[in-house]
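Summary of the model geometry
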Amino acid sequence: MRSVTYSMGVSLDGYIVGPDGGFDWTAPDAEVFRFWIDEIRGVGVHLLGRRLYETMLYWETADQDPSLDDAGREWMALWNPLPKVVFSRTLSEVQGHARLASGGLAEEIERLRAEPGEGDIAIGGAMLAAEAAELGLIDEYQVMVHPVLVGGGTPFFARNERQVGLELVETRTFGPGVVYLRYRVAR
């Protein structure tokens, strides 16, 4: 059965965006970007909330950006054809290899797990991940911790009153003080 993973960059104090909505502090250096390129190869479908979907739309036309380097082109070649499911109450259409969710999150994940296919079901976006966590649907948390305190904003982890046991599966430290932590949900 395909695993559901929640993976994003986070500040040391636990936020994916700061109080001003900014996340420029998550811009990866070459080593971290290479890691994300290698990780996306293991994803079979990506579930996104509206905000993350709109942020990632850049990659649909990134080839027109004269500053795009070889690593960016490699990411674009992997990201653009990747199937994506967008959860939104406000969008009526999406672009590229994306489709709007036709059901609730639990139903979509159940359907995707039942489909034949390779690769994880990745979730991006804090609100979507919070719903998945509340429903007990996340199998792994992959956290790229950046050496910054932002003091507030959108938290990586849902703020609920439910304890979830985790098993540390992998750690890795990158040059600019960034630490990757991968945890599997203990079941």
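Described below are features of the structure shown in this document. (Residues numbered from 1 in each chain as written. Predicted model: local features only at pLDDT ≥ 70, side-chain atom pairs only at ≥ 80, totals over all residues. Heavy atoms only, no water.)

Some words on the overall build of the chain
Keep this limit in mind: Elements are defined by DSSP. Helices are runs of H or I of four residues or more, strands are runs of E of two residues or more, and each kind is numbered from the N terminus. Atoms counted for the radius of gyration: C-alpha only. Globule rule: 2.2 Å times the number of residues to the power 0.38. Buried means the residue's accessible area, taken with a 1.4 Å probe over protein chains only, is under 20% of the maximum for its type, while exposed means over 50%, and partly exposed covers the values in between. Here a residue-residue contact requires only that any non-hydrogen atoms of the pair lie within 4.5 Å. A 1.4 Å probe and the Shrake-Rupley method give the accessible areas. Residues count as covered only by the protein chains that appear here. His is not counted here, nor are the chain ends, while Lys and Arg score as positive and Asp and Glu score as negative. A single reference atom marks each charge: NZ on Lys, CZ on Arg, CG on Asp, CD on Glu.
Secondary structure assignment for the chain yields 5 helices and 10 strands. Taken against the 2.2 N^0.38 rule, which gives 16 Å for 187 residues, the C-alpha radius of gyration of the chain at 16 Å falls within 12% of a compact globule. Overall, the chain is about 40 × 35 × 30 Å in size when its C-alpha atoms are taken along their principal axes. Expressed as a percentage of its 187 residues, the buried residues of the chain come to 43%. Sequence-distant contacts in the chain: of pairs separated by 6 or more residues, those separated by 24 or more amount to 70%. Accessible area for the chain stands at about 10,100 Å²; split by element, carbon and sulfur atoms hold 52% of it. Positive and negative side-chain charges of the chain, numbering 17 and 28 respectively, have mean locations separated by a distance of 4 Å.

Side note on the environment of Thr90
Mapping Thr90 onto the fold places it in the loop between β4 (84-87) and β5 (98-100). Residues Thr90 and Arg50 lie 40 residues apart in sequence; the distance between their C-alpha atoms is 8.2 Å.

Points about the environment of Pro147
Relative to the assigned elements, Pro147 resides in the loop between β7 (140-146) and β8 (154-155). With 62 residues separating them along the chain, Pro147 and Val85 place their C-alpha atoms 31 Å apart. Every residue in contact with Pro147, bar those within four places of it in the chain, is listed here: Pro176, Gly177 and Val178.

Looking at helix α3 (residues 70-79)
Under the convention used in this document: Comment: arc refers to directions from the helix axis out to C-beta atoms. Residues adjacent in sequence count toward polar contacts only when both atoms are side-chain atoms; beyond that, a polar contact is any pair of N or O atoms within 3.5 Å, and within protein one must be able to donate a hydrogen and the other to accept it.
Of all the positions in α3, only Gly72, Trp75, Met76 and Trp79 are classed as buried. Buried residues along α3 cover an arc of 100 degrees about the axis, so they all sit on one side. Projecting away from the buried face of α3 at angles above 90 degrees are the exposed residues Asp70 and Ala77. In this structure, the buried side of α3 is in contact with α1 (30-40), β3 (43-49), α2 (50-56) and β4. Capping the start of α3 is the job of one residue whose side-chain oxygen sits 3.3 Å from the backbone nitrogen of Ala71: Asp69.

Some points on the pattern of salt bridges
Short version of the rule: By definition here, a salt bridge exists when the distance from a side-chain nitrogen of Lys or Arg to a carboxyl oxygen of Asp or Glu is within 4 Å.
Counted under the stated rule, the structure contains 14 salt bridges. In this structure, Glu74 and Arg34 form a salt bridge, with 2.6 Å as the shortest nitrogen-oxygen distance. Remark: Arg34 occurs in helix α1 and Glu74 occurs in helix α3; sequence separation between them is 40 residues. Its relative accessible area of 25% is what places Glu74 among the partly exposed residues. The class for Arg34 is partly exposed, based on a relative accessible area of 33%. Ionic pairing is found between Glu74 and Arg41, a salt bridge with its closest N-O pair at 2.3 Å.

Digging into the pairing of β7
Filter applied, for reference: Note on pairing: DSSP must find at least two bridges between two strands before they are called paired.
Across the 7 residues of β7, 7 count as buried, placing the element largely inside the fold. The sheet contact formed by strand β1 (residues 4-11) and β7 spans 7 bridges and is parallel. Residue pairing across strands places Tyr6 opposite Tyr141, the latter belonging to β7. By the bridge criterion, 6 bridges tie β7 to strand β10 (residues 179-185) in an arrangement that is antiparallel. Residue pairing across strands places Val143 opposite Leu181, the latter belonging to β10.

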